Amino acid sequence: QAPELAQVEGNACSDGLVGKARAFAPTCIDACPQACEPLNLALNAYLTKGGQPAAKKVICQYESAFECNVGPQNIEKCLPLIAK
């Protein structure tokens, strides 16, 4: 079970690290807003806790939040972000 996400000031989909990632795939971020807070956690883990293995651990923890991003309706929109 994934831990509760803290409520973040501002918009988790347009601010901070996710806001920067949004530049690569804005339609992906817009299509799956439920993934913004977990994506922020994953990006933060990537940058501060050991790169891809740390990010993967967070992504797996919040797997259900990312189902939208890899579903048939959004995978093409999200590939630029996934590739990064």
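Please refer to the structure placed before this passage.
Description of the structure in this document. All of these numbers come straight from a predicted model, not from anything done at the bench.

**Observations concerning the overall build of the chain**
Line of reasoning, step 1. In terms of helices and strands, the chain carries six helices and zero strands.
Line of reasoning, step 2. Listing each helix as α and each strand as β along the chain from the N terminus yields α-α-α-α-α-α.
Line of reasoning, step 3. Taking all 84 residues of the chain together, the buried fraction comes to 31%.
Line of reasoning, step 4. Taking the intrachain contacts of the chain between residues at least 6 apart in sequence as the baseline, contacts between residues at least 24 apart amount to 56%.

**Side note on the environment of Tyr62**
Line of reasoning, step 1. Considering the arrangement of structural elements, one finds Tyr62 in the loop between α4 (52–61) and α5 (63–70).
Line of reasoning, step 2. When the C-alpha atoms of Tyr62 and Leu39 are compared, they prove to be 9.0 Å apart, with 23 residues separating the residues in sequence.

**Examining the pattern of salt bridges**
Line of reasoning, step 1. If you walk through the whole model with that rule in mind, you get one salt bridge.
Line of reasoning, step 2. Of the charged contacts in the structure, one is a salt bridge between Asp30 and Arg22, with a shortest N-O distance of 2.8 Å.
Line of reasoning, step 3. Relative accessible area serves as the criterion here: at 45%, Asp30 is assigned to the partly exposed category.
Line of reasoning, step 4. Assessed through its relative accessible area of 27%, Arg22 is described here as partly exposed.

**Considering the layout of surface pockets**
Line of reasoning, step 1. Size it by volume and the largest pocket reaches roughly 850 Å³.
Line of reasoning, step 2. Forming the boundary of the largest pocket are 28 residues, of which Leu39, Ile59, Leu81, Ile82 and Lys84 lie nearest the centre.
Line of reasoning, step 3. Elements supplying a minimum of two residues to the lining of the largest pocket: α1 (16–22), α2 (26–31), α3 (36–48), α4, α5 and α6 (75–83).
Line of reasoning, step 4. When its residues are assigned to classes, the lining of the largest pocket shows 21 nonpolar, two polar and five charged.

**Digging into the environment of Ile29**
Line of reasoning, step 1. Structurally, Ile29 is set in helix α2.
Line of reasoning, step 2. Of the residues examined, Ile29 reaches a relative accessible area of 3% and is grouped as buried.
Line of reasoning, step 3. Note: C-alpha distance between Ile29 and Lys77 (48 residues apart in sequence) is 8.8 Å.
Line of reasoning, step 4. In this structure Ile29 touches Cys13, Val18, Arg22, Cys36, Leu39 and Leu81, once residues within four positions along its chain are discounted.

**Things to note about a nonpolar patch on the surface**
Line of reasoning, step 1. A contiguous nonpolar patch, built from Val70, Leu79 and Ile82 and spanning about 260 Å² of accessible area, is present on the exposed surface.
Line of reasoning, step 2. For Ile82, the location among the structural elements is in helix α6.

**Let's talk about the environment of Glu67**
Line of reasoning, step 1. Inspection of the secondary structure assignment puts Glu67 in helix α5.
Line of reasoning, step 2. Accessibility expressed as a relative area gives 51% for Glu67, which makes it exposed.
Line of reasoning, step 3. As a C-alpha pair, Glu67 and Gln34 span 33 residues in sequence and 9.8 Å in three-dimensional space.

Cut-offs used in this document
Residues numbered from 1 in each chain as written. Predicted model: local features only at pLDDT ≥ 70, side-chain atom pairs only at ≥ 80, totals over all residues. Heavy atoms only, no water. Helix = DSSP H or I, 4+ residues; strand = E, 2+ residues; numbered from the N terminus. Buried < 20%, exposed > 50% of the residue type's maximum accessible area, 1.4 Å probe, protein only. Contact = heavy atoms within 4.5 Å. Salt bridge = Lys/Arg side-chain N within 4 Å of Asp/Glu carboxyl O. 1 Å grid on protein atoms, 1.4 Å probe; cavity = no way out; pocket = protein on both sides within 12 Å on 5 of 7 lines; lining within 4 Å. Points joined across faces, edges and corners; volume = space filled by probe spheres on them. Nonpolar A, V, L, I, M, F, W, Y, C, P; charged D, E, K, R; others polar. Patch = residues over 30% accessible without salt bridge, like charges linked within 9 Å, V, L, I, M, F, W, Y side chains within 5 Å. Areas by Shrake-Rupley, 256 points an atom, 1.4 Å probe, with all protein chains shown as cover.

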